[in-house]
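Single-letter residue listing:
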Amino acid sequence: MKNGKLKIFAGSTSHDLTTEIIAEIIKNNNDLGLKITDKEFFKFKCGEIMTRPLESVRGCDTFIIQSAFGDDVHSHIWESLILVDALKLASAGSICLVMPHMPYTRQDRKDKPRHPISARLLANQLERAGVNQFVTVKLHNPTIQGFFDIPCDNISTNSLIMDYIVEKYVRHNPDGYRLCGPDLGSTKPTRKIADRYHLSRVIYDKDRPGTNIVGEMTLIGDVEGCDVILIDDIFDTGNTIFTAKKSLMEKGAKSVILAITHMIGSDGGLDKLADQDFKEVIITDTIPIPKEKMFPGLKILSVAPRLADIIYRIHTGESVNGLVEDF
């Protein structure tokens, strides 16, 4: 970044998270003058949107914090693009988009004839709009970073989630827990987590015959008499998670703790989750959860401290290696 004055903008989906991030920066760096930068945002009757900064950004290091998800995912993306363009035209020194949840990350390869690679398309559009640096949390596939020709930092949530679980549960009976990934794609990350926390692990071989359809799931490993930590990066409809939990209990698991980074909860998935009798459901706040959707046994861990740290390090030109290389 150019090390001009720091300006932080809150997208319409991430105002509360941005407020927490700024509070963390102030606490850690005594930057008492920092606040959410004023901007204008409104929708025209025809459905078009407009947003722009309401104060000078000339020569400033600007950061936009905006997740994109759900039914309005394309509005969230377009809002980000328009604000990026406004900042560029207003001569911002640098523009960093902090997108805690990046959409389209499950469309990251051409696995069938005539399929698009939508994650790459989104990366290209963000760059063309004027983004100089991109920050996100827990990409579905870390190789998506290669779709960007600008710096792309992918913050891990493994230690954030696992430190909480180990302190609350595992340390009291480490041999009684199993770490479980819901499909073969989770083999590598669950191995790293298991090695770090000295946990035994099991894995599922999952067949997916169609979109949002879960076929046969074969458990590789033994969970008889154990408490299971079922960990995944994205909860969408919940079909995979619900099928895995049912199977784990049928295989003799005592209980299942669910750990998720991005809680999308499409098709009533979040409502169904409340009725699944998990020992605890642990998520992060990359995607805001409405208060009316919260339920007993739901724990939300904040990514604000990590995002605050990386934003300030980028602004001051410090290394971010310790934040993105989180096993």
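The structure this text deals with has already been given above.
Residues numbered from 1 in each chain as written. Predicted model: local features only at pLDDT ≥ 70, side-chain atom pairs only at ≥ 80, totals over all residues. Heavy atoms only, no water.

> How should I be thinking about the packing of helix H1 (residues 15-29) against helix H8 (residues 304-316) in this particular structure?
Two numbers describe a pair of packed helices, the interaxial angle and the distance between the axes. H8 packs onto H1 with a crossing angle of 60 degrees between their chain directions and a minimal axis gap of 8 Å. Here the hand of the crossing between H1 and H8 comes out right-handed. Residue-level inspection shows Leu17, Glu20, Ile21, Glu24, Ile25 and Asn29 of H1 in contact with H8, the latter providing Ala304, Pro305, Leu307, Ala308, Ile311 and Tyr312. When the residues that make up the contact of H1 with H8 are grouped by side-chain class, the tally is nine nonpolar, one polar and two charged. (Axes fitted to C-alpha atoms, helices over the stretch in contact; angles between N-to-C directions. Helix = DSSP H or I, 4+ residues; strand = E, 2+ residues; numbered from the N terminus. Left-handed = near helix turned anticlockwise from the far one by under 90°. Contact = heavy atoms within 4.5 Å. Nonpolar A, V, L, I, M, F, W, Y, C, P; charged D, E, K, R; others polar.)

> When you look at the packing of helix H2 (residues 73-89) against helix H3 (residues 118-129) in this model, what are you seeing that I'm missing?
Running from N to C, H2 and H3 point in directions that differ by 25 degrees, and their axes come no closer than 9 Å. In terms of orientation, H2 lies roughly parallel with respect to H3. Contact residues: H2 offers Ile77, Leu81, Val84, Asp85 and Lys88, while H3 offers Leu122, Gln125, Leu126, Arg128 and Ala129. A breakdown of the residues in the contact of H2 with H3 according to their chemical character gives six nonpolar, one polar and three charged. (Parallel < 35°, antiparallel > 145°, perpendicular 65-115°, else oblique.)

> Explanation requested: the pairing of strand S7 (residues 152-155) in the structure shown.
Burial along S7 is two-sided: Cys152 and Asn154 facing one way and Asp153 and Ile155 facing the other are all buried. With four bridges connecting them, strand S6 (residues 133-137) and S7 associate as parallel partners. Paired with valine 137 across the two strands is isoleucine 155, which belongs to S7. (Buried < 20%, exposed > 50% of the residue type's maximum accessible area, 1.4 Å probe, protein only. Pairing = 2+ DSSP bridges.)

> Sorry, what's going on with the packing of aromatic side chains here?
Aromatic ring pairs: the centre-centre distance and the angle between the two ring planes describe each pair. A complete count under the given rule lists three aromatic pairs for this structure. With 4.9 Å between their ring centres and 75 degrees between their planes, phenylalanine 42 and phenylalanine 44 make a pair best called edge-to-face. Judged by its relative accessible area of 38%, phenylalanine 44 falls in the partly exposed class. Aromatic side chains phenylalanine 235 and phenylalanine 242 sit 5.8 Å apart centroid to centroid with 70 degrees between the ring planes, which places their arrangement in the edge-to-face category. (Phe/Tyr/Trp six-rings, centres within 6.5 Å; stacked < 30°, edge-to-face > 60°.)

> When you look at a positive patch on the surface in this model, what are you seeing that I'm missing?
On the surface, Lys188, Arg191, Lys192 and Arg201 cluster together into a patch of positive charge. A total of three residues in the positive patch trace back to one element, the largest contributor, which is helix H5 (residues 187-197). Note on placement: arginine 191 falls in helix H5. Judged by relative accessible area, arginine 191 falls into the partly exposed class, the value being 36%. (Patch = residues over 30% accessible without salt bridge, like charges linked within 9 Å, V, L, I, M, F, W, Y side chains within 5 Å. Areas by Shrake-Rupley, 256 points an atom, 1.4 Å probe, with all protein chains shown as cover. Salt bridge = Lys/Arg side-chain N within 4 Å of Asp/Glu carboxyl O. Lys, Arg positive; Asp, Glu negative; His and termini not counted. Charge placed at Lys NZ, Arg CZ, Asp CG, Glu CD.)

> Can you walk me through the nonpolar core in this structure?
For soluble globular proteins, nonpolar side chains are generally found buried alongside one another. Formed by 45 residues in total, the largest nonpolar core has its most connected members in Met162, Ile165, Leu307, Ile310 and Ile311. Take this core: its biggest share by element is seven residues, from H8. Apart from the residues lying within four places of it in its own chain, the contact partners of leucine 307 are Leu17, Ile21, Val98, Pro100, Val135, Val137 and Ile155. Grouped together as the second largest cluster of nonpolar side chains are 29 residues, Ala68, Val73, Ile95 and Leu122 included. (Core = buried A, V, L, I, M, F, W, Y, C linked by side-chain atoms within 4.5 Å.)

Interpretation in functional terms is not warranted from these geometric data alone.
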